[in-house]
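# Fold and geometry: a report
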Amino acid sequence: MAQPVTSEELVGILRDTIVALVRRDGVDLSARQLGVFLTCYLNDGPHTVRGLASQLNVSKPAITRALDRLSDLDLARRKVDPSDRRSVLVQRTTKGSAFLREIRSVMTELTTNGRSEAEPSGRRSTSAG
């Protein structure tokens, strides 16, 4: 029976995933942009600026700035809601779906093959000094 993943291992996988994404050629997202991206792609929609702001507990302008960057990178697209023209819907894109597959691939490789190749050569001590 598989052992549950510890919180230490989860944080390590997150770190190694982010490092792998930073090292590759491609987009580099901030934590907020990545949070908005993952919320749009992993949670059922439709997604609106107001809804995303509520889900992530950040301001609507912060969501708008994150969506500006995601739109510039073609990772998300805005569309006026046909049923309420005052509202803007956030849509997924082909490039965004490919980016999510890449994230999943990196994380799968890290959890399947172990983190030894991605880990720094020395472990950091948690004590001061």
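Reading the values: the criteria
- Residues numbered from 1 in each chain as written.
- Predicted model: local features only at pLDDT ≥ 70, side-chain atom pairs only at ≥ 80, totals over all residues.
- Heavy atoms only, no water.
- Helix = DSSP H or I, 4+ residues; strand = E, 2+ residues; numbered from the N terminus.
- Buried < 20%, exposed > 50% of the residue type's maximum accessible area, 1.4 Å probe, protein only.
- Contact = heavy atoms within 4.5 Å.
- Areas by Shrake-Rupley, 256 points an atom, 1.4 Å probe, with all protein chains shown as cover.
- Pairing = 2+ DSSP bridges.
- Expected span 1.5 Å × (residues − 1).
- Arc of directions from axis to C-beta.
- Phe/Tyr/Trp six-rings, centres within 6.5 Å; stacked < 30°, edge-to-face > 60°.
- Salt bridge = Lys/Arg side-chain N within 4 Å of Asp/Glu carboxyl O.
- pLDDT = per-residue confidence, 0-100.

Looking only at helices and strands, one finds five helices and three strands in the chain. Within the chain, buried positions represent 30% of all 129 residues. In the chain, of all internal contacts separated by at least 6 residues, the share reaching a separation of at least 24 is 55%. Summed over all atoms, the accessible surface of the chain reaches about 9000 Å², with 51% contributed by carbon and sulfur.

Once that is clear, we can look at the environment of Gln 91. Summarising the element assignment, Gln 91 is placed in strand 3 (residues 88-92). For the pair Gln 91 and Tyr 41, spaced 50 residues apart in sequence, the C-alpha to C-alpha distance is 8.9 Å. Among all residues touching Gln 91, those that are not within four sequence positions of it are Ala 76, Arg 77 and Lys 79.

Quick look at the sheet that holds strand 3 now. Read across the sheet, three strands follow the order 1-3-2 without closing on themselves; strand pairing throughout is antiparallel. On the outer flanks of this sheet lie strand 1 (47-48) and strand 2 (76-80), each paired with one strand and no other. In the sheet, strand 1 pairs with strand 3 via two bridges, with the strands oriented antiparallel. When the sheet's bridge partners are listed, Thr 48 is paired in strand 3 with Leu 89.

In this model, helix 5 (residues 94-112) (19 residues) spans 26 Å end to end at C-alpha, consistent with the 27 Å of a helix rising 1.5 Å per residue. Taken as a whole, helix 5 has its buried residues at Gly 96, Phe 99, Leu 100, Ile 103, Val 106 and Leu 110. What you see down the axis of helix 5 is that its buried residues fit within an arc of 120°, all on one side. Counted as exposed and oriented over 90 degrees from the buried face of helix 5: Thr 94, Arg 101 and Thr 112. Against the buried residues of helix 5 lie helix 1 (7-23) and helix 2 (31-42).

Turning our eyes to something else, we now look at the packing of aromatic side chains. For the structure on display, the rule yields two aromatic pairs. The structure contains a cluster of three or more aromatic residues connected by ring pairs, namely Phe 37, Tyr 41 and Phe 99.

Right, let's get into the pattern of salt bridges. Scanning the model with the defined rule gives four salt bridges in all. With a closest N to O distance of 2.8 Å, Arg 78 and Asp 68 form a salt bridge. Linking Arg 78 in strand 2 with Asp 68 in helix 4 (residues 60-72), this pair joins segments that are ten residues apart in sequence. In this structure Arg 78 comes out as partly exposed when scored by relative accessible area, which is 33%.

Attention now moves to the confidence of the model for the chain. Note that predicted coordinates carrying low pLDDT should not be read in detail. For the chain, the mean per-residue pLDDT works out to 85, and 86% of the residues sit at or above 70. Low pLDDT, under 50, characterises residues 116-129; the stretch is placed with six contacts to residues that sit more than four places away or in other chains.

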